[in-house]
Amino acid sequence: MIETASRQNWSEETMPHILVAGKLHPSGITLLRSAAGVTFDYVEEVSEASYAPLISAADGLIIRTQPLSAATVAHAARLRIVSRHGVGYDAVDLASLNSKGIALSIVGDVNSISVAEHAMMLMLACAKQLLRADRSVREAGWAWRNRLEATELFGKRLLIMGFGRTGRQLAKLAAVFGMEVRAFDPYLQSLGWPKGAVACVSDLRAGLAWADAISVHVPRGERPAIGADELALMKPSAILVNTARGGVVDEAALLDALRTGRISAAGLDVFDDEPPLADHPLFGLDQVILTPHIAGLTAECAERMAISSVQNVLDFFSGAIDPALVVNREHLNASS
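S.K.: Go over unusual backbone geometry, please, and point to the residues and values.
M.R.: The peptide bond linking Glu274 to Pro275 adopts the cis configuration, its omega dihedral lying at -5°. Within the fold, Pro275 resides in the loop between strand E11 (265–268) and strand E12 (288–290). One non-glycine residue, Leu148, adopts positive backbone phi at about 55°.

Structure (structure tokens):
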């Protein structure tokens, strides 16, 4: 268990002070304002430089997508809990938090539906060649419709890379569209594959060659999960969708594969650099659907994430935080 007893009874002079770094849905701020015994600073700008000067006074930090570097953590003399407004923590220097015994929490299952819907939307838009269809109407190219470039998802094969909450939600949606779904997740396979209609793929190479569409839902690693070698295994008609993280798909290799027709289309919600530069070469391809890292930013999901990330901090200081939401709990337990 995580020891929070020493922080349960805060005097007025030592009441926990929370730093909110990045704009939250108003419901999250309302929850903070209504919480007894806490104070907070709120910096709406999403950058490390904007909140770093305030970190030394913070007992808790609620953070959006901006970095939390070791240099900033070094100045966080009072910090006990960092609460991510989301489920990923690539931009957080976890080692520096561990070295100081600072907990890192994430939200629970608040965005899987939003991200799965977005992945499904990108897949549909790619299959229907949405950009080309839209342009044919706007630019008097009505005859484009006779080229029959749009395809159906019904009866097609979908490979889901990463079969966590979002992957499972996507599998349900794809099944409604009549797709045959398989999933690749070595970690989950080692624990015991969940019962259901989705078959496990143990050989990624075989799965990529089998699929008509691939949707990526894995964390960023030391190398891209989809690079030139993986793209070479896909069908020329394949669709690739990435709503996970920038760097999970090798952008240069993807660009080459699209330009040379090794795959048919791609839907990307995430990029190596965000926002991408105005002259990004993917912008010139109309078989690519691009969205601004928005898969988990529906109005409903933003509210759930804001409330959950704030509640994690409040629960931590009251000793009631769900241990399953603390990603470095084993390290904290081992060092306590």
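Structure's up, so let's keep going.
S.K.: Give a description of the nonpolar core that names residues and reports values.
M.R.: Of all hydrophobic cores here, the largest spans 31 residues; its most connected members are Leu159, Ile214 and Leu240. Where this core is concerned, the elements lending two or more residues are strand E6 (157–161), helix H9 (204–210), strand E9 (213–216), helix H11 (251–259) and E11. Among the elements that take part in this core, H11 stands out by supplying five residues, more than any other. If you look at the next biggest cluster of nonpolar residues, it comprises 25 residues, including Cys126, Phe163, Ala183 and Val198.

S.K.: Could you give me a rundown of the packing of helix H5 (residues 112–127) against helix H7 (residues 165–176), with the residues and numbers involved?
M.R.: Two elements in contact, H5 and H7, have axes separated by 8 Å at closest approach and are oriented at 50°. Considering their axes alone, H5 and H7 lie oblique with respect to each other. Considering how the two elements wind past one another, H5 and H7 form a crossing that is right-handed. Along its contact with H5, which presents Ser112, Ile113, Val115, Ala116, Glu117, Ala119, Met120 and Met123, the element H7 presents Arg165, Thr166, Gln169, Leu170, Leu173 and Ala174. When the residues that make up the contact of H5 with H7 are grouped by side-chain class, the tally is nine nonpolar, three polar and two charged.

The rules behind the values
Residues numbered from 1 in each chain as written. Predicted model: local features only at pLDDT ≥ 70, side-chain atom pairs only at ≥ 80, totals over all residues. Heavy atoms only, no water. Helix = DSSP H or I, 4+ residues; strand = E, 2+ residues; numbered from the N terminus. Core = buried A, V, L, I, M, F, W, Y, C linked by side-chain atoms within 4.5 Å. Buried < 20%, exposed > 50% of the residue type's maximum accessible area, 1.4 Å probe, protein only. Axes fitted to C-alpha atoms, helices over the stretch in contact; angles between N-to-C directions. Parallel < 35°, antiparallel > 145°, perpendicular 65-115°, else oblique. Left-handed = near helix turned anticlockwise from the far one by under 90°. Contact = heavy atoms within 4.5 Å. Nonpolar A, V, L, I, M, F, W, Y, C, P; charged D, E, K, R; others polar.

As far as function goes, none of this settles anything; it's purely spatial.
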